[in-house]
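# Remarks on the overall topology
Here are the chains, one letter per residue:
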2 protein chains.
Amino acid sequence: MDVIDWLRAALGEDADDVLSFEPDHLDAARGDHSGWVSDGLPLAVVNARTVDHVQATMRAASEFRVPVVPRGAGTGLAGGANATAGSLVLSVARMNRILEISAEDQLAVVEPGVVNGDLNAALEPFGLFFAPDPASKAISTVGGNIATNAGGLLCAKYGVTRDAVLGLDVVLADGRLLRTGHRTVKGVTGYDLTSLLVGSEGTLGVIVGATVRVLPQPQGEPMTLGALFPDVRAASDAAARVTAAHLRPAVMELLDGPALDRISAHLGERTIRDALGATGGAAYLLVQFDGPGAAADAALASTLIAETGGTVRVAADAEEGERLLAIRRAFHPALAASGTVLIEDVAVPRSRMPEMFAAIERIGERYGIAIPTVAHAGDGNLHPNFVTQGDEIGQEVWDAAGDLFRTAVALGGTLTGEHGVGVLKRRWLAEELGPDSYELQVKLKSVFDPLGILNPGKVFG
Amino acid sequence: MDVIDWLRAALGEDADDVLSFEPDHLDAARGDHSGWVSDGLPLAVVNARTVDHVQATMRAASEFRVPVVPRGAGTGLAGGANATAGSLVLSVARMNRILEISAEDQLAVVEPGVVNGDLNAALEPFGLFFAPDPASKAISTVGGNIATNAGGLLCAKYGVTRDAVLGLDVVLADGRLLRTGHRTVKGVTGYDLTSLLVGSEGTLGVIVGATVRVLPQPQGEPMTLGALFPDVRAASDAAARVTAAHLRPAVMELLDGPALDRISAHLGERTIRDALGATGGAAYLLVQFDGPGAAADAALASTLIAETGGTVRVAADAEEGERLLAIRRAFHPALAASGTVLIEDVAVPRSRMPEMFAAIERIGERYGIAIPTVAHAGDGNLHPNFVTQGDEIGQEVWDAAGDLFRTAVALGGTLTGEHGVGVLKRRWLAEELGPDSYELQVKLKSVFDPLGILNPGKVFG
């Protein structure tokens, strides 16, 4: 009897529905949205529909010492959910029910496969929202957001995914079901296992349920500003002045010159002119305020931006605001249209952003690679995108990325702000953490996963 | 050579300054603000001034297998920092420097012994504040706030201590110095050790430094409301309606009838009448809004409260607001004046507060104990205070508290919202967590503390 026979028996009459051996499915599970595809095929994809299915899978894997790769929508950017040779891919994408929305307690209870955007659509009639907003929110799952502690555009004001998770249901490596956290805002009984599991990238357990905090939608209409600058340093200064004035924009996004050029080429200069009343410029800053102070905040920000050399347009209505947002949204499509893209994800203290932008320019020149960059300027999280020609990401890109990571860490930052380590960044992890922290984390993993079957090879080397 | 000789040698010329064997000091370290005093005396109190002192202490303790009890200001309410027989009390109260305030990055770097209020005083000129605001903030340390994941009045809007901690410097059981987290808002490299350490009550390591997030002070003047209600259910309903209207008060505090009676007796009925323009009532709700929407929010809340049967006073100015706040602030002094007090700390989902108040009344009647209660009504965290006569907290109080805890857990809540487990709640911990979580947490502790020398007997049985 092998692991598949054992699992088939455990799944009983659900086995045929749950287990897939289709070559296409096995093959698709080797990739994610990073562009990286793993070597070798998994044994099967387990399309779990229930917690029982997940528990049966983990018991089978424990029995036969078979690696399990937990997976949601497969929209990750670090190779964290990619199948490896001989593994069981445990997909929770079909566990996609919203089990409860409590308007009174401002929380939702969901299965892990619920798509972030679907949860938000369901919350909308209650005037509530789930704050984590990764760019992938239309297609990524809440479980995946939690497994990677996903960020997004709203984090500086509304927090990262960790801040939105009250409790988790997790199937452990041996198949036991663990419940962590509370339905309450506060709770300090024992260690914060919930936070430990958030961002653990499938290496500590399989998330099968989550109780998440939801927030009232901000009152009133948001106010949106867009501004062009002669260079990225001026745009960066303007963002710093907005922060220094103690304004708290919901969104503050910065595009550098190479990014703006590509967007301009992609959308057409006319679109930029229609949105901003101007073209040219070598950096773009998008700022959006919400809540009752939005209009006053936008007026002050507009002044600060103009003083810093920006040509600013304050959107008069939602339609104009949408045009300003569209420039930012065109970043990824514009890049994808211009070559093969490696999306990077460093974060630095906000005050070090100008140095980081300068370093990106230097690295681009040194390696001869275009690195258009967008930054969540409110929280110092930059996405330098390495654009090359050809189908594969070459060694020179990884060398350049290594330089980038070391620079971010040297500036007091990190090699990943919101995407996670997965496979693609594991070679630099120990360097950032240092040997003591790395060793401690490996030991913590072994408490949860003594057999080393949970997403082995991910995060840690 | 014993542990003291070894430590004296390691401390060198600092030894006399750092080590205390004064009977008064040893005795004082047996208590905290819970009223509970441990049996037996510690070997010494180590008054560390530097990270080196802390490292030397942990190395000595490892060498001789001597328990170490980390301690800040000793203002805890769960017996978590109380000395035990034969231990080294490792006080970091003298490590009280603010090392950096970065207005640009909206963070502060502090030693653990900095008093919360002192940090806030230092931030004030920058227009910034450290959001965690336990009632003890004038005397409790930032390190202690972190070790217990302290809460306070502002949490529903501004988060708990965990949300304010970006990174930690921690001395491990064997004396190594571990750095966790980042100076950035975002960062997802490896497990969230920072969050694991927050609230770990000295059982995983000794916090010797913290990088904390600070926030811009809200704009404009706060608006304060006070209201009397015929009963606690009506007050609870009013709080629920404020939440349901998607208002986000900075402060929303609820006092029940027994609490209000004692405060009235303590302050005098005249003071209540001066503040509220009315007396009588069997519950008090205090609501404060801040930020640009404060006035509009207060107007709406006032209407909702009146509709729910409350007699409401909206403070016209800061002085009137102060009088409304003073009623709430008199809770603890009024109780202390009326007997021996055990301060409890359950949390329930907000929607279950009326049931929790009803249960508190039932438990009070069943055990013949007065249980005046104040609740942070914005987040469902209740502090039932068991008031008895005599110097000691009797067994019937603990039996009643046990009932209280079980009720809170049964309602989807927890036996401690913000005070921690320490010694006083450890007997109920396994019941709330369940055997799997409890066992896992004990194993996690042993990764950090294989010799079991870090605050043994605290949190876990």
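Residues numbered from 1 in each chain as written. Chains lettered and ligands numbered in written order. Predicted model: local features only at pLDDT ≥ 70, side-chain atom pairs only at ≥ 80, totals over all residues. Heavy atoms only, no water.

## Quick look at the overall build of chain A
Across its full length, chain A carries 18 helices and 19 strands. A compact globule built from 461 residues should have a C-alpha radius of gyration of about 23 Å, and chain A, at 23 Å, falls within 12% of that. Each principal axis of the C-alpha distribution contributes one length, and for chain A these read about 70 × 55 × 40 Å. The buried share of chain A, reckoned over its 461 residues, is 60%. Once local pairs closer than 6 in sequence are excluded, the contacts in chain A between residues at least 24 apart make up 73%. About 16,200 Å² of surface is accessible on chain A, with carbon and sulfur atoms providing 50% of the total. (Helix = DSSP H or I, 4+ residues; strand = E, 2+ residues; numbered from the N terminus. Rg over C-alpha atoms; globule rule 2.2 N^0.38 Å. Buried < 20%, exposed > 50% of the residue type's maximum accessible area, 1.4 Å probe, protein only. Contact = heavy atoms within 4.5 Å. Areas by Shrake-Rupley, 256 points an atom, 1.4 Å probe, with all protein chains shown as cover.)

## Some thoughts on empty space enclosed by the protein
One simple way to see leftover space: roll a probe sized like a water molecule over the atoms. Overall, the coordinates contain five cavities of 30 Å³ or more when judged by the stated rule. Taken as a whole, the largest cavity spans an internal volume of roughly 200 Å³. Taken together, 21 residues form the lining of the largest cavity, with Ala-156, Lys-157, Arg-248, Arg-350 and Gly-378 of chain A sitting closest to its centre. Of all the secondary structure elements, the ones that give two or more residues to the lining of the largest cavity are helix H7 (155-158) and strand S13 (251-256) of chain A together with strand S11 (215-216) of chain B. Among the elements that make up the lining of the largest cavity, the one with the highest residue count is S13 of chain A (three residues). (1 Å grid on protein atoms, 1.4 Å probe; cavity = no way out; pocket = protein on both sides within 12 Å on 5 of 7 lines; lining within 4 Å. Points joined across faces, edges and corners; volume = space filled by probe spheres on them.)

## Here's the deal with the side chain of Ser-200 of chain B
Along the chain, Ser-200 of chain B turns up in the loop between helix H8 (193-197) and strand S10 (206-213). Among the polar contacts made by the side chain of Ser-200 of chain B, one reaches the main-chain carbonyl oxygen of Leu-197 of chain B at a distance of 2.7 Å. Excluding its chain neighbours within four sequence positions, the residues that come into contact with Ser-200 of chain B are Tyr-191 of chain A together with Ala-147 of chain B. (Polar contact = N/O pair within 3.5 Å; in protein donor to acceptor, adjacent residues only side chain to side chain.)

## Overview of the UniProt feature "domain: FAD-binding PCMH-type" (unreviewed entry) in chain A
UniProt records the feature "domain: FAD-binding PCMH-type" (unreviewed entry) for residues 38-217 of chain A in the present numbering. For residues 38-217 of chain A, helix accounts for 21% and strand for 25%, while the C-alpha atoms at its two ends are 41 Å apart. (UniProt positions renumbered as here; feature names shortened; annotations may be inferred.)

## Section: the packing of aromatic side chains
Residues and elements named next belong to chain B. Applying the stated criterion across every chain, the model contains ten aromatic pairs over all chains. Considering the side-chain rings of Tyr-438 and Phe-460, the 5.5 Å spacing of their centres and the 80° angle between planes classify their relative orientation as edge-to-face. Pair noted here: Tyr-438 is in helix H18 (residues 435-448) and Phe-460 is in the segment after H18, with a separation of 22 residues, a long-range link. We note that Tyr-438, like Phe-460, is buried. (Phe/Tyr/Trp six-rings, centres within 6.5 Å; stacked < 30°, edge-to-face > 60°.)

## Brief notes about the domain arrangement of chain A
All names here are of chain A. Considered domain by domain, chain A is made up of domain 1 (3-91), domain 2 (98-216), domain 3 (223-333) and domain 4 (339-435). One C-alpha centre belongs to domain 1, the other to domain 2, and the line joining them spans 22 Å. Taken together, the contact pairs 13 residues of domain 1 with 15 residues of domain 2. Both faces combined, the contact of domain 1 with domain 2 buries some 1,100 Å², and carbon together with sulfur accounts for 69% of it. Linking domain 1 to domain 2 there are zero salt bridges. In this assembly, domain 1 and domain 2 are joined by two residue pairs in polar contact (both at pLDDT 80 or more). When residues in the side of domain 1 that touches domain 2 are grouped by element, the largest group, six residues, is from helix H4 (residues 51-64). When grouped by side-chain class, the residues that make up the side of domain 1 that touches domain 2 number six nonpolar, six polar and one charged. (Domains from an automatic or database assignment. Buried area = accessible area lost by both parts, 1.4 Å probe. Salt bridge = Lys/Arg side-chain N within 4 Å of Asp/Glu carboxyl O. Nonpolar A, V, L, I, M, F, W, Y, C, P; charged D, E, K, R; others polar.)

## Quick notes on the packing of helix H1 (residues 3-11) of chain B against helix H4 (residues 51-64) of chain B
All names here are of chain B. In the contact formed by H1 and H4, the axes pass within 9 Å of each other and the chain directions differ by 150°. Relative to H4, H1 is oriented roughly antiparallel. Both H1 and H4 take part in a crossing whose hand is right-handed. The residues of H4 that touch H1, namely those facing Val-3, Trp-6, Leu-7, Ala-10 and Leu-11, are His-53, Ala-56, Thr-57, Arg-59, Ala-60, Ala-61, Glu-63 and Phe-64. Here the residues of the contact of H1 with H4 sort into nine nonpolar, two polar and two charged. (Axes fitted to C-alpha atoms, helices over the stretch in contact; angles between N-to-C directions. Parallel < 35°, antiparallel > 145°, perpendicular 65-115°, else oblique. Left-handed = near helix turned anticlockwise from the far one by under 90°.)

## Some remarks on the pairing of strand S3 (residues 68-71) of chain B
Residue and element names in this part refer to chain B. Burial along S3 is two-sided: the residues Val-68 and Pro-70 and Val-69 and Arg-71 are all buried. Strand direction decides the pairing type here: S3 and strand S4 (residues 88-91), joined by four bridges, are parallel. Bridging across to S4, Val-69 finds its partner in Val-89. (Pairing = 2+ DSSP bridges.)

## Considering the sheet that holds strand S8 (residues 165-171) of chain B
All names here are of chain B. The five strands lie next to each other as S5-S6-S10-S8-S9, forming an open sheet whose pairing is antiparallel. Among the strands making up the open sheet, the edge pair consists of strand S5 (98-102) and strand S9 (177-181). When the angles between neighbouring strand axes are averaged without regard to direction, this sheet yields 10°. Judged from the five bridges that link them, S8 and S9 form a sheet pairing that is antiparallel. Opposite Leu-168, over in S9, you have Thr-180 as the bridge partner. Where helix H5 (residues 116-123) meets the sheet, its contacts fall on S5, strand S6 (107-110) and S10, and the angle it forms with S5 comes to roughly 40°.

## Thoughts on the pattern of salt bridges
Within this structure, the stated rule accounts for 58 salt bridges over all chains. In this structure, Asp-27 of chain A engages Arg-30 of chain A in a salt bridge whose closest nitrogen and oxygen atoms are separated by 2.5 Å. On the basis of relative accessibility, which here comes to 40%, the residue Asp-27 of chain A falls in the partly exposed class. Its relative accessible area of 18% is what places Arg-30 of chain A among the buried residues. Arg-313 of chain A is paired through a salt bridge with Glu-320 of chain A; the nearest N and O atoms lie 3.7 Å apart. For Arg-313 of chain A, a relative accessible area of 25% puts it in the partly exposed group. A cluster of three or more residues bridged by salt bridges with shared partners is formed by Asp-174 and Arg-176 of chain A together with Asp-436, Glu-439 and Lys-443 of chain B.

## Details of the environment of Val-66 of chain B
All names here are of chain B. By secondary structure assignment, the location of Val-66 is in the loop between H4 and S3. Look at Val-66 and you get buried, because its relative accessible area is 8%. C-alpha of Val-66 to C-alpha of Ile-453: the two residues are 387 residues apart in sequence and 6.1 Å apart in space. In this view, Val-66 contacts Val-3, Leu-43, Ala-61, Gly-86, Ser-87, Leu-88 and Ile-453; residues no more than four positions away in its chain are not counted.

## As for the relation of the copies chain B and chain A
With an axial shift of 0.0 Å and an RMSD of 0.0 Å, the rotation relating chain B to chain A amounts to 180°. Taken together, the turn and the small shift mark the pair as related by a two-fold rotation axis. A symmetric contact is evident, with 100% of the interface residues of chain B recurring at the interface of chain A. (Least-squares fit on C-alpha atoms with pLDDT ≥ 70 in both.)

## Some words on helix H13 (residues 318-329) of chain B
Helix length check: H13 of chain B, at twelve residues, gives a terminal C-alpha distance of 16 Å against a target of 16 Å (1.5 Å per residue), a fit within 8%. Of the residues flanking the start of H13 of chain B, the one acting as N-cap is Asp-317 of chain B, its side-chain oxygen 3.2 Å from the backbone nitrogen of Glu-319 of chain B. (Expected span 1.5 Å × (residues − 1).)

## A few points about the interface of chain B and chain A
Facing the 81 residues of chain B at the interface are 81 residues of chain A. Between chain B and chain A, the buried area comes to about 6,600 Å², and carbon and sulfur atoms account for 57% of it. The largest share of the area that chain B buries against chain A comes from Lys-186, Val-188 and Tyr-191 of chain B, three residues that together contribute 15% of it. Seen at the junction of chain B and chain A, the total is ten salt bridges. In this structure, Asp-192 of chain B and Arg-162 of chain A form a salt bridge, with 3.0 Å as the shortest nitrogen-oxygen distance. The interface formed by chain B and chain A contains 44 residue pairs in polar contact (both at pLDDT 80 or more). Sorting the residues of the side of chain B that touches chain A by element identifies helix H7 (155-158), S9, H8, S11, helix H17 (426-433) and H18 of chain B as the ones contributing at least two each.

## With respect to the side chain of Lys-186 of chain A
Mapped onto the elements, Lys-186 of chain A comes out in the loop between strand S9 (177-181) and helix H8 (193-197). A distance of 3.0 Å separates the side chain of Lys-186 of chain A from the backbone oxygen of Gly-152 of chain B, its partner in a polar contact. Dropping the residues within four chain positions of it, Lys-186 of chain A is found in contact with Gly-151, Gly-152, Cys-155, Val-160, Ala-347, His-376, Asp-379, Asn-381, Thr-414, Gly-417 and Glu-418 of chain B.

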